[in-house]
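Now for the letters of each chain:
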Amino acid sequence: MNDELRLAGELRERIDGLFGRSLHIRTFDSGSCAVCESELRLLSSPYYDLHRLGLFFTPAPRHADLLLVTGAAVRAADAALRKTLEAIPEPRLVVAVGACALGGVFEEDELVHGRVDDVVPVDVYIPGCPPSPLALLHGLLVATGRLEEKVQALSFDLRREAVA
Amino acid sequence: MLWFLRGLRKGVVTTRYPRERDAWTDGLPSPPAFRSDLLTPTLAGRLVDACHSGALRLEGDELVLDLGSCGGCGDCVRLGGEAVYRSGEFELASRDREALVKRIPLGGAG
Amino acid sequence: MIHAAAVLLVVGGGLWLGAALLGTLARERAGLLVTAGASALGGAAVAAGGTLVAVHGSGAVHTVGAGNLVGTVTLRLDPLAAVFVAVLGLVALALGLYVPRYHEPGAGSAYYLPALALAFFASLVVLVAGNAVVFLVAWESMTLFSYLVVLRHHRRPGVGRAAFLFLALGEAGFALIVAAFAILATQTGTLDLAGIAARSGAVSAGWRDAAFVLALFGFGFKAGLVPLHIWLPEAHPAAPADGSAFLSGLVLKLGVFGIALFGFELERGGPAWWGLLTMGLGALSAVLGILYALMERDLKRFLAYSSIENIGVILTALGGGMVFSAYGQRAIGAFLLLAALYHVVNHGVYKTLLFLEAGVVEHATGTRDMDRLGGLIHRLPASSVISLVGTLGIAALPPFNGFVSEWLIFQGLFQGFRIGSNLIGILIVVAGASLALTGGLAIMGFARAFGIPFLGMPRSRAAAEASERGQPLAGPGLLAAVCVALGVGAPLALTVLDRVARATSGIEIHSRLLLPQLTVIPAHTDFAAFSPTYLAVFLLCVAAVPLLIYLAGRPRGARRVVPVWDGGILDFRGTMQYTATTYANPTRVTFEALYRPEFHLERASDDPAGRSGPVHYRFQVLPIFERFLYRPVVRAVEWLADVVRPIQSGDVNLYLLYVLLVVIVAYLIYTY
């Protein structure tokens, strides 16, 4: 357990060092309804302004550090998703955004996988339908290690929290 | 030119998140939080039926909330009365998918 | 030295005659090799001879036969002509090396190779002729043998018409040239070129002007001056690759030689308007040449129009030189002559190279259409490198030869402000500006001509399966090496050309042109200075810096090799790439007023839901000169012929009546 913590800490330091001030994000729509994309667009607005945090959107996977996937991973987009991830040089991160990507909406059938981590390995999950821009910012900063995860500590049981 | 002057009048509008959270963000859609002592199995069953997203389900004597499915619509809060509250949490990102599945023990009679 | 040169030229000419005779043996492989070898050796000898004469810096005259029908037959070794002789020799050498792998032994080659060798020989005689009649006979022979060269594949569609156009316009030009020589010969009383040059100063201005204008247009037909150029884009694709190379590399230069002969030697010291006319037509040719080139998909037609453009550049420089000399700036005039000659040599080298490479491409893939090629850099690696050297040369990029000569021409033209008359100065600078426009368009055109066929993915199966085995490499490779040498060794070339310019114009500019540190100071002013040699070294060093950074900073860890990012398209096909037509589309739209293209579009269905069938799109550029210049002239001639035809009725009685009438008229004239 101590080893794991130490390794996690080292990993976070390494990621911090690599992506601390500048993270380039490449988005991929794998069958989403585009509402998550609307929320992502809002990040570029003056109110949220992702640039002040050193986050940038880039269309070129070669220039990207992070692949952000929305949608329920339709099978038709499999090959394109894999090619996009393959084109991103290491070190890289993968973030799944929205309920669809997390497997919370569609069951697996012949048209969709239902969850993005069936196709590519995911580093951070951002829930929401859609996640608000602030949730997205939180998730991206968690991915780069600049913020801590909160949800593990939450129990959503008020009585327990009141007692504890 | 006018937009520039208007902008000067309005001042800086950018949010200071993550350093500070603006007050209005408390009203954002968020998953429910429960009073497990007030959560009866009957109520839990009604909540499960009411959830459109399938985020709530019953497993044994626990109400399972999958944050990955929840859209924050608030129907369960309106239905649940004292037992269900808006959690006000939106910082839910996690490295572990399983950590997004929360289990609430059922308490209360009936 | 001059004797050695003469011997070399005689040996070279003799080898070519021998090659012509042996050419009939080309039905067999061995005969083909022997003919090609003789041709190449002849070329080497002639190139060496020409270079020697140029280096020697002064000419010699040798009398062959005296007092016969045509007067004294003299052959002269003249430094101005020697430059063209050197180009001729180099072109012949490269073609001789190219022939064995390009042509198949057989009846066709047995007819073609002698015609080519005789065309070489006739060109040589044109350049060394000291007598006007010898010149004219050799000129006509050169035209006729070139016509035979173009007709090599006469059974293919369009070749006959192309060759006919070449011959017809060649004859039209020849008529004008004969008229020009006739005027000078009768006015000066001699048929000897040196004699004409010596006495032409005494001829009245009206006759001198007429002779020059006739010569300009007569030689302009052969040089490809707009609007006399329409045979060029037809004849070049029709001829085999080495024939096209000969046409562009040499025959066009003979036209330039003729104009230079009249402007700088036979009628030296002409008024400024001669130079302005030449410069204006040259600038027009340059701009129109490259504009039409950009609309061509056929590699050879593109190169043909590019030749028109380069000839325009050369003639602009020549014309500019004449203008400067007429206004007393004789040093700048000599400098522009030098720059023009340099461009003649450079164009001879890289245009020949590019046409030979076009032949290799056509041989390897079966098509000249750029939109059906692609990715040839993988299939034909050596040819691609050679083509790239030629392309960089013609696009005038440092440190290659084209850059040096074009830069010198610009520097010379920009001295226009030194001329007293503001109007003339402005006109010269306008000519320089149009050359700048053509330079930019030429870079775009050649990026397209190299990029579309050689880079990217193949657009057809033929391109995907091309192979370099059995393709000629020696000839083009030699020319590529010469390209680089002429660029990096520009100071050396300029030394030689300066001697030629001095012999022609009497002005010595070497000491003001070239500093001992291999630096060129163009136009002997403090305008600018650069050193092509140092520039080449500098570029090599600068290219080494990113290489060293990469080698030093390479990540040591494991490497992952992934395909090129193509947007995630799953089935990327070659036909999805840019084509030559689309690459040039911005130009087409910008200059639509000039091109006035006609469009034809056929769809399977206009209903969007039904648009899954083939779409046919055709567009054609308006051929301005054919439609508005030549067709009316041809129609007028035909109309005239129709009017006159009744005379030739076929009725013998009418003919006897004509005889009677003519006898009566002659008797009347004789008695009165």
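Look up: the structure comes first, before these words.
Below, the structure is looked at part by part. (Residues numbered from 1 in each chain as written. Chains lettered and ligands numbered in written order. Predicted model: local features only at pLDDT ≥ 70, side-chain atom pairs only at ≥ 80, totals over all residues. Heavy atoms only, no water.)

### Notes on the overall build of chain B
Alright, step 1. Regarding its fold elements, chain B presents three helices and five strands.
Alright, step 2. The order of helices and strands in chain B, counted from the N terminus, is α-β-α-β-β-α-β-β.
Alright, step 3. Against the compact-globule benchmark of 13 Å for 110 residues, chain B has a radius of gyration of 19 Å, which places it well outside the compact range.
Alright, step 4. When its C-alpha atoms are laid out on the principal axes, chain B stretches across 65 × 30 × 25 Å.
Alright, step 5. Here chain B holds 110 residues, and 42% of them are scored as buried.
Alright, step 6. Carbon and sulfur atoms provide 55% of the accessible area of chain B, an area that totals close to 6,000 Å².
Alright, step 7. Across chain B, 15 positive and 15 negative side-chain charges occur, with their mean positions spaced 11 Å apart. (Helix = DSSP H or I, 4+ residues; strand = E, 2+ residues; numbered from the N terminus. Rg over C-alpha atoms; globule rule 2.2 N^0.38 Å. Buried < 20%, exposed > 50% of the residue type's maximum accessible area, 1.4 Å probe, protein only. Areas by Shrake-Rupley, 256 points an atom, 1.4 Å probe, with all protein chains shown as cover. Lys, Arg positive; Asp, Glu negative; His and termini not counted. Charge placed at Lys NZ, Arg CZ, Asp CG, Glu CD.)

### Thoughts on the side chain of C:T504
Residue and element names in this part refer to chain C.
Alright, step 1. Turning to its location among the elements, T504 is positioned in helix α20 (residues 490–505).
Alright, step 2. Look at T504 and you get buried, because its relative accessible area is 3%.
Alright, step 3. There is a polar contact of 2.8 Å between the side chain of T504 and the backbone oxygen of V500.
Alright, step 4. If near-sequence neighbours (up to four positions away) are discounted, T504 is found in contact with L80, F264, E265, R268 and L337. (Polar contact = N/O pair within 3.5 Å; in protein donor to acceptor, adjacent residues only side chain to side chain. Contact = heavy atoms within 4.5 Å.)

### Overview of helix α19 (residues 474–488) of chain C
All names here are of chain C.
Alright, step 1. Relative to the 21 Å expected for 15 residues at 1.5 Å per residue, α19 spans 21 Å between its end C-alpha atoms, a close match to the ideal helical length.
Alright, step 2. When α19 is considered as a whole, its buried residues turn out to be G475, P476, L479, A480, V482, C483, L486 and G487. The arc enclosing the buried residues of α19, seen along the axis, measures out at 160°, which places them on a common side.
Alright, step 3. Those residues of α19 hidden inside the fold are in contact with α3 (79–102), α13 (330–365), α15 (381–394), α16 (401–413), α20 and α22 (532–553). (Expected span 1.5 Å × (residues − 1). Arc of directions from axis to C-beta.)

### Topic: a nonpolar patch on the surface
Alright, step 1. A cluster of nonpolar side chains, namely C:L657, C:L660, C:L661, C:I664, C:Y667, C:L668 and C:Y672, defines an oily patch on the protein surface of about 800 Å² accessible area.
Alright, step 2. Summarising the element assignment, C:L668 is placed in helix α27 (residues 652–671). (Patch = residues over 30% accessible without salt bridge, like charges linked within 9 Å, V, L, I, M, F, W, Y side chains within 5 Å. Salt bridge = Lys/Arg side-chain N within 4 Å of Asp/Glu carboxyl O.)

### Concerning empty space enclosed by the protein
Residue and element names in this part refer to chain C.
Alright, step 1. Enumeration over the complete set of coordinates arrives at five cavities of 30 Å³ or more.
Alright, step 2. As a volume, the largest cavity reaches approximately 120 Å³.
Alright, step 3. Lining the largest cavity are 13 residues, and of these L299, L354, S387, A449 and F454 lie nearest its centre.
Alright, step 4. Of all elements in the fold, only α12 (299–326), α13, α15 and α17 (422–454) reach the threshold of two or more residues within the lining of the largest cavity.
Alright, step 5. Across the lining of the largest cavity, the residue classes tally to ten nonpolar, two polar and one charged. (1 Å grid on protein atoms, 1.4 Å probe; cavity = no way out; pocket = protein on both sides within 12 Å on 5 of 7 lines; lining within 4 Å. Points joined across faces, edges and corners; volume = space filled by probe spheres on them. Nonpolar A, V, L, I, M, F, W, Y, C, P; charged D, E, K, R; others polar.)

### Structural notes on the interface of chain A and chain C
Alright, step 1. At the interface, 13 residues of chain A touch nine residues of chain C.
Alright, step 2. At the boundary of chain A with chain C, total buried surface from both sides reaches about 830 Å², with 55% on carbon and sulfur atoms.
Alright, step 3. Ranking the residues of chain A by area buried against chain C places A:R62, A:K83 and A:E86 at the top, with a combined share of 55%.
Alright, step 4. Counting across the chain A and chain C interface gives two salt bridges.
Alright, step 5. In this structure, the salt-bridge partner of C:R560 is A:E90, at a minimum N-O distance of 3.2 Å.
Alright, step 6. Where chain A packs against chain C, one counts six residue pairs in polar contact (both at pLDDT 80 or more).
Alright, step 7. Top contributing element to the side of chain A that touches chain C by residue count: helix α3 (residues 78–87) of chain A, with six residues.
Alright, step 8. Taken together, the residues of the side of chain A that touches chain C break down into six nonpolar, one polar and six charged. (Buried area = accessible area lost by both parts, 1.4 Å probe.)

### Details of the packing of helix α6 (residues 159–188) of chain C against helix α8 (residues 205–223) of chain C
Residues and elements named next belong to chain C.
Alright, step 1. In the contact formed by α6 and α8, the axes pass within 8 Å of each other and the chain directions differ by 155°. Taken together, the axes of α6 and α8 are roughly antiparallel relative to one another. Read as a crossing pair, α6 and α8 show a hand that is left-handed. (Axes fitted to C-alpha atoms, helices over the stretch in contact; angles between N-to-C directions. Parallel < 35°, antiparallel > 145°, perpendicular 65-115°, else oblique. Left-handed = near helix turned anticlockwise from the far one by under 90°.)

### Let's talk about the layout of surface pockets
One water molecule sets the probe size; rolling that probe over the atoms shows where empty space is left.
All names here are of chain C.
Alright, step 1. Considering only enclosed or pocket space, the largest pocket measures out at about 1,300 Å³ in volume.
Alright, step 2. What lines the largest pocket is a set of 43 residues, and nearest its centre among them are E234, E296, R301, Q620 and V621.
Alright, step 3. Mapped by element, the contributors of at least two residues to the lining of the largest pocket are α6, α9 (232–238), α12, α23 (580–583), β6 (616–620) and α26 (624–644).
Alright, step 4. No other element matches α26, which puts nine residues into the lining of the largest pocket.
Alright, step 5. Each residue belonging to the lining of the largest pocket can be placed in one class, and the counts come to 22 nonpolar, six polar and 15 charged.
Alright, step 6. Of the voids in this model, the second largest pocket is the one considered here, and its volume is about 520 Å³.

### A short note on unusual backbone geometry
Residue and element names in this part refer to chain A.
Alright, step 1. The peptide bond linking E90 to P91 adopts the cis configuration, its omega dihedral lying at -5°.
Alright, step 2. Along the chain, P91 turns up in the loop between α3 and β4 (93–97).
Alright, step 3. Note that the residue after C129, namely P130, is joined by a cis bond; omega there is -5°.
Alright, step 4. Tracing the sequence through the fold places P130 in the loop between β5 (124–126) and α4 (133–143).
Alright, step 5. In this model, A34 sits at a positive phi of 80°, which is unusual for a non-glycine residue.
Alright, step 6. Its location among the elements puts A34 in the loop between β1 (23–29) and α2 (35–42).
Alright, step 7. For A34, a relative accessible area of 34% translates into the label partly exposed.

### Digging into the interface of chain A and chain B
Alright, step 1. If you look at the interface, chain A gives 39 residues, while chain B gives 40 residues.
Alright, step 2. Of the roughly 3,400 Å² buried at the junction of chain A and chain B (both faces included), carbon and sulfur atoms supply 59%.
Alright, step 3. Of all residues in chain A, A:Y47, A:L134 and A:F156 give up the largest surface area on contact with chain B, accounting jointly for 22% of the area buried on that side.
Alright, step 4. Counting the contacts that link chain A with chain B gives two salt bridges.
Alright, step 5. For A:K150, the salt bridge goes to B:E89, with nearest N and O atoms at 3.1 Å.
Alright, step 6. If you look at where chain A meets chain B, you find 19 residue pairs in polar contact (both at pLDDT 80 or more).

### A word on the packing of helix α4 (residues 107–128) of chain C against helix α10 (residues 241–266) of chain C
All names here are of chain C.
Alright, step 1. Where α4 contacts α10, the two axes come as close as 11 Å, and the packing angle between them is 15°. Between α4 and α10, the angle falls in the class roughly parallel. Crossing of α4 against α10: the hand is left-handed. Contact residues: α4 offers Y112, L116, A119, F120, S123, V126 and L127, while α10 offers D242, G243, F246, L250, L254 and F257.
Alright, step 2. Broken down by class, the residue content of the contact of α4 with α10 amounts to ten nonpolar, two polar and one charged.

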